[in-house]
Amino acid sequence: MEKFIELLVQMNPFDLVQVVFWGLAGAISFYFSIGNARVWTSISIGFFLIFLSQAYGINPWGHYQKLTAYHHIVGTVAIMTITHGFLEYYVFCRTFEISGNKLIVYLSTLGILIAAGVFLLINPTPSPNTIRNMKMIENAIWVFLCIMNIELIRKIYSAIRDSDISKGFIAFGIVFVCIFMWRGADLYLQIFQWDQDWQDIITLMTEESTDIDEYMGRVEFSREVIRYAGVLSGVSVGGAFTYMYKLLK
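Residues numbered from 1 in each chain as written. Predicted model: local features only at pLDDT ≥ 70, side-chain atom pairs only at ≥ 80, totals over all residues. Heavy atoms only, no water.

## So, unusual backbone geometry
For Gln-193, which is not a glycine, the phi torsion comes out positive at approximately 60 degrees. Secondary-structure assignment places Gln-193 in the loop between helix H7 (166-191) and helix H8 (196-206). (Helix = DSSP H or I, 4+ residues; strand = E, 2+ residues; numbered from the N terminus.)

## Side note on the environment of Arg-223
Relative to the helices and strands, Arg-223 resides in helix H9 (residues 216-248). Residue class for Arg-223 comes out buried when judged on its relative accessible area of 18%. Residues Arg-223 and Leu-189, spaced 34 residues apart in sequence, show a C-alpha to C-alpha distance of 8.4 Å. (Buried < 20%, exposed > 50% of the residue type's maximum accessible area, 1.4 Å probe, protein only.)

## What about the packing of H7 against H9?
For the pair H7 and H9, interaxial distance at closest approach is 7 Å and the crossing angle is 155 degrees. For the element pair H7 / H9, the angle class is roughly antiparallel. Considering how the two elements wind past one another, H7 and H9 form a crossing that is left-handed. When grouped by side-chain class, the residues that make up the contact of H7 with H9 number 22 nonpolar, 5 polar and 4 charged. (Axes fitted to C-alpha atoms, helices over the stretch in contact; angles between N-to-C directions. Parallel < 35°, antiparallel > 145°, perpendicular 65-115°, else oblique. Left-handed = near helix turned anticlockwise from the far one by under 90°. Nonpolar A, V, L, I, M, F, W, Y, C, P; charged D, E, K, R; others polar.)

## Considerations on the confidence of the model for the chain
Chain-level pLDDT for the chain is 82 on average; 82% of the residues reach the 70-or-more range. This stretch, residues 1-9, has a pLDDT under 50; its non-local contacts, to residues over four places away or in other chains, come to 8 contacts. (pLDDT = per-residue confidence, 0-100. Contact = heavy atoms within 4.5 Å.)

## Quick look at the environment of Tyr-90
Positionally, Tyr-90 belongs in helix H4 (residues 65-95). Here the alpha-carbon distance between Tyr-90 and Ile-160, two residues 70 residues apart in the chain, equals 9.9 Å. Ignoring any residue separated from it by four or fewer positions in sequence, one finds Tyr-90 in contact with Leu-152, Lys-155 and Ile-156.

## Section: the nonpolar core
Of all hydrophobic cores here, the largest spans 53 residues; its most connected members are Trp-40, Phe-47, Phe-86, Phe-169, Phe-172, Phe-176 and Ile-179. Only helix H2 (13-35), helix H3 (41-54), H4, helix H5 (102-121), helix H6 (128-160), H7 and H9 provide two or more residues apiece to this core. With 10 residues, H4 is the single largest residue contributor to this core. Setting aside residues up to four positions removed in sequence, Phe-47 forms contacts with Trp-22, Gly-26, Ser-29, Ile-82, Phe-86, Phe-172, Val-175, Phe-176, Ile-179, Val-237 and Phe-241. (Core = buried A, V, L, I, M, F, W, Y, C linked by side-chain atoms within 4.5 Å.)

## Brief notes about the packing of aromatic side chains
By the definition in use, this model includes 17 aromatic pairs. On the numbers, 5.7 Å between centres and 75 degrees between planes, the contact of Phe-86 with Phe-172 is edge-to-face. Residue Phe-86 is found in helix H4, and its partner Phe-172 is found in helix H7; the two are separated by 86 residues along the sequence. With relative accessibility at 0%, the residue Phe-86 sits in the buried group. These aromatic residues form a ring-pair network of at least three members: Trp-40, Phe-47, Phe-86, Tyr-89, Phe-92, Phe-169, Phe-172, Phe-176 and Phe-241. In this arrangement the basic side chain of Arg-183 is found over the ring face of Trp-182, its NZ or CZ atom lying 4.7 Å from the centre. (Phe/Tyr/Trp six-rings, centres within 6.5 Å; stacked < 30°, edge-to-face > 60°. Lys NZ or Arg CZ within 6 Å of the ring centre and 35° of its normal.)

## Regarding a nonpolar patch on the surface
On the surface, a cluster of nonpolar side chains totalling about 730 Å² of accessible area is made up of Leu-103, Leu-107, Leu-110, Ile-114, Val-118, Leu-121 and Ile-122. Within the secondary structure layout, Leu-103 lies in helix H5. (Patch = residues over 30% accessible without salt bridge, like charges linked within 9 Å, V, L, I, M, F, W, Y side chains within 5 Å. Areas by Shrake-Rupley, 256 points an atom, 1.4 Å probe, with all protein chains shown as cover. Salt bridge = Lys/Arg side-chain N within 4 Å of Asp/Glu carboxyl O.)

## Re the environment of Gln-54
With respect to the helices and strands, Gln-54 occurs in helix H3. C-alpha of Gln-54 to C-alpha of His-72: the two residues are 18 residues apart in sequence and 8.6 Å apart in space. In contact with Gln-54, not counting residues within four places along its chain, are Gln-18, Val-19, Trp-22, Trp-182 and Arg-183.

## A short note on the pattern of salt bridges
All told, the structure shown has 7 salt bridges when counted by the stated rule. Residue Asp-186 pairs with Lys-135 through a salt bridge whose shortest N-O separation is 3.6 Å. Here Asp-186 is found in helix H7, whereas its partner Lys-135 is found in helix H6, with 51 residues between them in sequence. Asp-186 gets classed as buried once you look at its relative accessible area, which sits at 13%.

## Points about the packing of H4 against H5
Direction vectors running N to C along H4 and H5 enclose 150 degrees, while the axes themselves pass 10 Å from each other. The orientation of H4 with respect to H5, classified from their angle, is roughly antiparallel. When you trace H4 past H5, the crossing you get is right-handed. Contact residues: Lys-66, Ala-69, Tyr-70, Ile-73, Val-74 and Val-77 in H4; Ile-112, Leu-113, Ile-114, Ala-116, Gly-117, Leu-120 and Leu-121 in H5. Taken together, the residues of the contact of H4 with H5 break down into 11 nonpolar, 1 polar and 1 charged.

Below, the structure written as structure tokens:
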């Protein structure tokens, strides 16, 4: 408990607020999946997993590299689950057919997460560079699938624009715009090796630095986008699910 409190005190206020809002959004989305139709299950579980992927920021065991790597895997599974869910919803809008049940979705997601955990356990401990690569892959997948989800949401809205819940999908579109900015800015810093953690590693290994000093304006702007877009993502997710819940009542 003391370690947990110490981490909370040391955390950047923006990072702490982001984790708290994603926690609320994750709880709302998980509750939403329990109380609504099967077609919403994958979407809701995916948003709940985002919170789990962000929770390493207040994790007392965050210094364990395999656990940090696992959080990035969870984040990747989250966006893939969300995308599958919106794709299912679009097919449902066109055909009014949905296969499977909630239990299968829960067990399938749990099985994937367990398999990922076993994969990390039987392999060597990831180095800091490996973890950075995993985070970069996660961000890249998020950025591209966010674009796909925005297009899916547009198509879903076009198909159900006359229904009561159509405005709820506008809210989800706003969510993915915020997430795209958040993850995109982080990926931008990683591509040019301007992310702070990697800067420290380069300095220790080569006693040289990158060209970050020449582009500090862009770097600081990207860091601000990451801070605010991350918080807005959590707020908008919680708001979108709450609004959708009221529309479906």
